[in-house]
Structure formats: structure tokens, C-alpha cells
Amino acid sequence: MRVLYFAWVKEKTGVAAEDIELPANVETVSDLMDWLRTRGPEFENAFRQSDVIRAAIDQAHVRPDAPLAGAREIAFFPPVTGG
Amino acid sequence: MRVLYFAWVKEKTGVAAEDIELPANVETVSDLMDWLRTRGPEFENAFRQSDVIRAAIDQAHVRPDAPLAGAREIAFFPPVTGG
Amino acid sequence: MIRIQEADFDIGAELSALTAARADIGAVVTFTGQVRGQADGGPLTELRIEHYPGMTERELERVEQEAKERFGLQASLIVHRHGALKPGDNIVLVIAASRHRDAAFDAARFMMDSLKSRAPFWKCEKGPGGDRWVEAKADDDIARTRWHKKDAAE
Amino acid sequence: MIRIQEADFDIGAELSALTAARADIGAVVTFTGQVRGQADGGPLTELRIEHYPGMTERELERVEQEAKERFGLQASLIVHRHGALKPGDNIVLVIAASRHRDAAFDAARFMMDSLKSRAPFWKCEKGPGGDRWVEAKADDDIARTRWHKKDAAE
């Protein structure tokens with residue numbers, strides 16, 4: 001699955017985009033954030049305040065309990081600040 | 001006193017502006033409308049629905065009970081429709 | 001600033017003159033009123049706008065001043081045309097510029113609502129059925145009272 | 001129509017293209033957001049705007065479509081810039097054109113409120129104190145809920 005990071009989530013992880021093979025027990029957006037935190041200090045730091053991080057699956061906003069099944073692309077980012 | 005008429009009030013009276021010497025018993029805007037109605041069929045027709053006619057004294061909106069004392073200019077017109 | 005004129009106005013040029021590259025402005029709202037070919041009273045070939053020179057300027061200045069005091073604008077403009085206009089022509093332009101968007105939206109709407117109920121302009125629609133003086137809408141008086149209620153609430 | 005671009009936009013030209021001489025339009029509201037030199041977090045020398053290509057287009061199209069359905073617009077436009085901007089530069093332009101003024105004002109405000117809470121843009125302010133990612137304002141979520149309440153009331 002394609003995973004994208006934006007704004008300070010990208011700065012903290014040091015990664016803009018990557019392809020990930022999901023572990024079997026990672027079923028929701030929230031599960032994925034928990035798993036990402038285990039991937040080293042940058043990811044631990046980026047996803048520490050996971051309640052302020054927003055997500056989109058296939059370019060549509062989703063909540064943390066959204067299932068990942070069938071998703072091609074998931075993005076993590078801070079609350080949006082356009083306009 | 002200078003008296004001005006606008007829009008359909010002007011069309012009905014056939015007068016855009018005139019100078020009038022006020023009779024002694026004409027003290028308010030409402031009195032003046034009553035007196036104007038006595039000046040012939042055009043004025044009678046123009047001021048028949050005097051409740052829809054608005055007035056301004058010295059270029060500021062006033063109500064029918066506003067006194068005329070000290071006024072230099074009075075205008076009669078329909079409700080405004082700009083914008 | 002306020003202006004009453006027969007000539008058309010150029011919205012882009014007015015905006016540039018007022019707000020371009022001003023780093024103290026965060027939000028700019030413009031309202032433009034245009035002549036519709038299908039008026040509420042039927043098809044329209046010409047719209048003639050009459051006004052009360054002198055009083056019109058005073059009323060528009062008062063409207064603009066009230067908006068400035070109430071919403072803390074960085075810049076503002078009201079331009080209103082008079083004379084003979086055609087369908088598609090511009091009638092009125094209001095611009096409100098402020099730090100944040102709520103003030104700009106509120107101020108532009110306030111200026112339009114106030115202008116509609118106070119500025120001495122009168123519209124006469126010319127169409128196949130003859131000339132028809134536009135009647136004031138009860139809606140416009142109601143629109144004006146939006147702001148009275150806010151007075152009381154503040 | 002929606003557009004996302006690095007280049008500046010010309011408000012007058014956008015307005016002309018969309019609404020000039022259209023006799024079915026009576027009211028046009030534009031909103032322009034500009035970069036302020038004094039941001040909420042302090043003085044600002046550059047504003048960098050990042051976005052999520054693909055999703056941004058989708059979200060802006062959805063915002064515009066919702067505004068059209070809800071307010072019955074005759075024409076509309078959303079243009080949002082990204083990249084490195086300076087104080088005084090334009091950020092965003094929203095245009096709503098309708099028959100009557102209330103719909104144009106409501107639609108422009110609705111598009112701005114919706115865009116602020118949904119479109120995936122992020123602002124980073126560069127100033128003497130370094131870089132600072134702008135935080136979302138609770139106000140903007142509250143502004144968005146104005147329209148939910150109206151949903152329920154209608």
C-alpha cells in the first residue's frame with residue numbers, strides 16, 4: 001500500500017511517500033498509526049500525538065476507525081490550514 | 001423652502017423642484033403632504049397614497065411627524081430601490 | 001471611499017488600487033450587482049437609475065463609515081452607477097478589506113443591506129410592457145434588521 | 001471551475017471571464033485571501049503552502065458542487081495557490097454568481113468555510129523566529145458547522 005506524509009508529519013518522519021506491506025493484524029487507520037510508531041524514533045516522534053493527525057484513504061477524509069481493506073493509498077497529515 | 005420630487009412622485013406631479021412659501025398651519029412633513037394634495041389633480045394623484053411616500057429634510061431621512069421648522073430643503077420620493 | 005457615476009467601473013482596477021500588495025490585509029470581499037435581462041417584473045430592455053444628488057453621497061458615506069467602525073476594515077469602497085443601463089451592465093460595487101474573512105464578509109453584506117434600504121436611488125425598468133418603477137422589497141427592510149438585532153445582542 | 005496553481009491570478013480577468021455581460025446574473029461575490037505580513041504567530045517573510053495533489057482537486061470540486069446545488073449558482077470559481085508566497089500576495093479566490101445577493105454571499109462564504117476545513121493545504125510561516133506550521137483554528141471548524149445547523153433547519 002502507498003503511504004503518503006504531508007506537512008510536519010512528512011518533516012518529522014523524513015519520508016514523503018513509501019510503499020508498505022501491511023502486517024496481518026493492522027486493520028484500521030488507527031492500527032496503522034500504532035504500527036508506524038514502532039518503526040524508529042522519527043516515526044515514534046511524528047505519530048506521538050496521533051489524535052491530532054488526520055488521514056485520507058484514496059484521497060477522501062476518513063476517521064481513525066476506518067478499515068484499510070481495499071485501500072490503494074493512505075495519507076497522514078496535520079489538520080488542514082488552507083484558504 | 002425648496003421642495004424636490006423624485007421617481008414616480010416627480011412623474012405624477014410633473015415637477016422636479018420648486019420653491020414654496022409654507023402656509024402658517026403647515027408644521028410637519030405630514031401637514032405639508034396634506035397641503036400639497038390640495039394643489040390640483042396631479043398633486044392629489046401623486047400624494048394619494050401618502051403612506052408609501054418617504055421624505056428627507058436637508059438630505060436626511062425623516063418620518064412624517066418631523067417638524068419643518070428651520071428646513072431649507074425637503075424631498076418626497078418612493079421607498080428607495082438602489083443596489 | 002464612495003463614488004456615484006454614470007460610467008462603468010473596472011472591478012479589477014478598483015481592487016488593485018485598494019488592496020494590491022497590502023500586507024496588512026488578509027481578506028477582501030467584493031459584491032457586484034448587475035442588471036438582469038429577466039427582472040422580477042418581466043423582461044427588461046433598459047434599467048434607468050435616478051438618484052438624489054447630494055443626499056446619495058451623504059448616505060453612502062454614512063454606510064461606509066458605519067461599516068468601518070463596526071467591522072474594523074483596512075479598506076473599503078462603494079461605487080454606484082446612475083443613468084440608463086442595459087442587461088448585463090454593472091450597477092453597484094462594494095469592497096470590504098480586513099484582516100480576517102468574517103469581518104470582510106459581514107462588512108460587505110452590511111454595506112449592501114444598508115445601501116439598499118437607505119441610499120436614495122430609484123430604478124425604473126423599461127420593457128415590452130412599458131416603464132415600471134421597481135417596488136421596494138419587504139425583504140430588503142428585513143435584511144437591514146439583521147444588523148439591528150446584532151446591535152442589541154452585542 | 002476549480003484550479004490549483006503556483007502562479008498568481010488576476011481577479012478582474014477571472015471575473016470578466018465568468019460573469020461579464022451575463023444578463024442571467026444579478027449578484028457576484030468574490031472572496032480573496034492575501035498573505036499578511038503580520039501573521040497570528042508573528043512577523044512573516046514568506047508563506048509556503050503545501051498540498052496533496054489529486055485530493056485537493058477532488059475536495060475543491062466537491063465544495064464547489066455542493067455550493068452550486070445548495071445555492072443555485074449561475075457561475076462559480078475556486079482558485080488556490082501553492083508554493084512560496086510573500087506578504088501581500090494572493091492565496092485564494094472564490095467567486096459566486098447568482099440571481100440575487102443573498103445566494104451569492106452565502107455561497108461564497110460556504111465555499112470558504114468548507115475549503116478551510118476540508119481542502120488538503122498546509123501553511124508554513126517563515127519569519128525571523130524560524131519556520132512555523134500554522135495550526136488549524138477551532139474557529140474554522142465552528143464556521144463549518146454554521147452550515148450543518150442550516151441543513152438541519154431546512
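The rules behind the values
- Residues numbered from 1 in each chain as written.
- Chains lettered and ligands numbered in written order.
- Predicted model: local features only at pLDDT ≥ 70, side-chain atom pairs only at ≥ 80, totals over all residues.
- Heavy atoms only, no water.
- Helix = DSSP H or I, 4+ residues; strand = E, 2+ residues; numbered from the N terminus.
- Core = buried A, V, L, I, M, F, W, Y, C linked by side-chain atoms within 4.5 Å.
- Buried < 20%, exposed > 50% of the residue type's maximum accessible area, 1.4 Å probe, protein only.
- Contact = heavy atoms within 4.5 Å.
- Pairing = 2+ DSSP bridges.
- Axes fitted to C-alpha atoms, helices over the stretch in contact; angles between N-to-C directions.
- Least-squares fit on C-alpha atoms with pLDDT ≥ 70 in both.
- 1 Å grid on protein atoms, 1.4 Å probe; cavity = no way out; pocket = protein on both sides within 12 Å on 5 of 7 lines; lining within 4 Å.
- Points joined across faces, edges and corners; volume = space filled by probe spheres on them.
- pLDDT = per-residue confidence, 0-100.
- Buried area = accessible area lost by both parts, 1.4 Å probe.
- Salt bridge = Lys/Arg side-chain N within 4 Å of Asp/Glu carboxyl O.
- Polar contact = N/O pair within 3.5 Å; in protein donor to acceptor, adjacent residues only side chain to side chain.

Remarks on unusual backbone geometry
Residues and elements named next belong to chain B.
- Of note in this structure, Ala7 is not a glycine but carries a positive phi near 55 degrees.
- With respect to the helices and strands, Ala7 occurs in helix α1 (residues 7–13).
- Of note in the backbone geometry, Gln59 takes a positive phi value of approximately 70 degrees without being a glycine.
- Among the structural elements, Gln59 can be located in the loop between β3 (54–57) and β4 (60–62).

Things to note about the nonpolar core
- Residues Met111(C) and Met111(D) are the most contacted members of the largest nonpolar core, which totals 63 residues.
- Apart from residues no more than four positions distant in its own chain, Met111(D) is found in contact with Val63(D), Glu64(D), Ala67(D), Leu73(D), Ser76(D), Ile78(D), Val94(D), Ile95(D) and Ala96(D).

Quick look at the environment of Pro78(B)
- Checked against the element boundaries, Pro78(B) lands in the segment after β5 (73–77).
- The class of Pro78(B) is buried, set by a relative accessible area of 5%.
- Taking the C-alpha atoms as reference points, Pro78(B) and Leu32(B), 46 residues apart in sequence, are found 16 Å from one another.
- With near-sequence residues (within four places) excluded, Pro78(B) lies in contact with Phe6(B), Ala7(B), Trp8(B), Val9(B), Val52(B), Arg54(B) and Trp122(C).

What to know about the sheet that holds strand β2 (residues 27–34) of chain C
- Ordered in space as β1(C)-β6(C)-β8(C)-β2(C)-β2(D)-β8(D)-β6(D)-β1(D), the 8 strands form an open sheet in which the pairing is mixed. Lying at the two open borders of the sheet, with one neighbouring strand each, are β1 (2–5) of chain C together with β1 (2–5) of chain D. Neighbour-to-neighbour, the strand axes of this sheet turn through a mean angle of 10 degrees, independent of strand direction.
- Note: β2(C) against strand β2 (residues 27–34) of chain D, 7 bridges, orientation antiparallel. Its bridge partner being in β2(D), Phe31(C) is matched across the sheet by Val29(D).
- Of the strands in this sheet, β1, β2, β6 (75–81) and β8 (90–98) of chain C together with β2 of chain D touch helix α1 (residues 11–19) of chain C, which is tilted by about 25 degrees from β8(C).
- Of the strands in this sheet, β2, β6 and β8 of chain C together with β2 of chain D are in contact with helix α3 (residues 101–118) of chain C, which crosses β8(C) at around 145 degrees.

Some thoughts on the arrangement of the chains
- Here the protein chains form 3 pairs of chains in contact, of which the pair with the most contacts is chains C and D.
- One finds no contact linking chain A with chain B; the least C-alpha distance across the pair is 29 Å.
- There is no contact between chain B and chain D; across them, the least C-alpha separation is 10 Å.

Re the relation of the copies chain D and chain C
- Once chain D has been moved 0.0 Å along the axis and rotated by 180 degrees, it coincides with chain C to within an RMSD of 0.0 Å. What the rotation and shift describe, once combined, is the action of a two-fold rotation axis. Using C-alpha coordinates, one finds that chain D approaches the rotation axis most closely at Gly12(D), a distance of 1.9 Å.
- In this assembly the copies share their binding face: 100% of the residues contributing to the interface of chain D also contribute to that of chain C.

Looking at the layout of surface pockets
- In this structure, the second largest pocket spans a volume of roughly 850 Å³.
- As for the second largest pocket, its lining consists of 33 residues, of which Arg54(A), Pro79(A), Val80(A), Ser117(D) and Asp141(D) are closest to the centre.
- By residue number, the principal contributor to the lining of the second largest pocket is helix α4 (residues 138–153) of chain D, which donates 6 residues.

Brief notes about the confidence of the model for chain C
- Mean pLDDT over chain C: 93, with 96% of residues reaching 70 or higher.
- Across the whole predicted complex the pTM is 0.94, and at the interface the ipTM reaches 0.94.

A word on the interface of chain D and chain A
- Taken together, the contact between chain D and chain A spans 26 residues of the former and 20 residues of the latter.
- Of the roughly 1,900 Å² buried between chain D and chain A on both sides combined, carbon and sulfur atoms contribute 56%.
- Considering only the side of chain D, the residues that lose the most area to chain A are Tyr52(D), Trp122(D) and Trp133(D), jointly responsible for 35% of the buried surface there.
- For the pair chain D and chain A, the interface holds 2 salt bridges.
- Among the ionic pairs, Glu11(A) bridges to Arg48(D), the shortest N-O distance being 3.8 Å.
- On inspection of chain D and its partner chain A, the count reaches 13 residue pairs in polar contact (both at pLDDT 80 or more).

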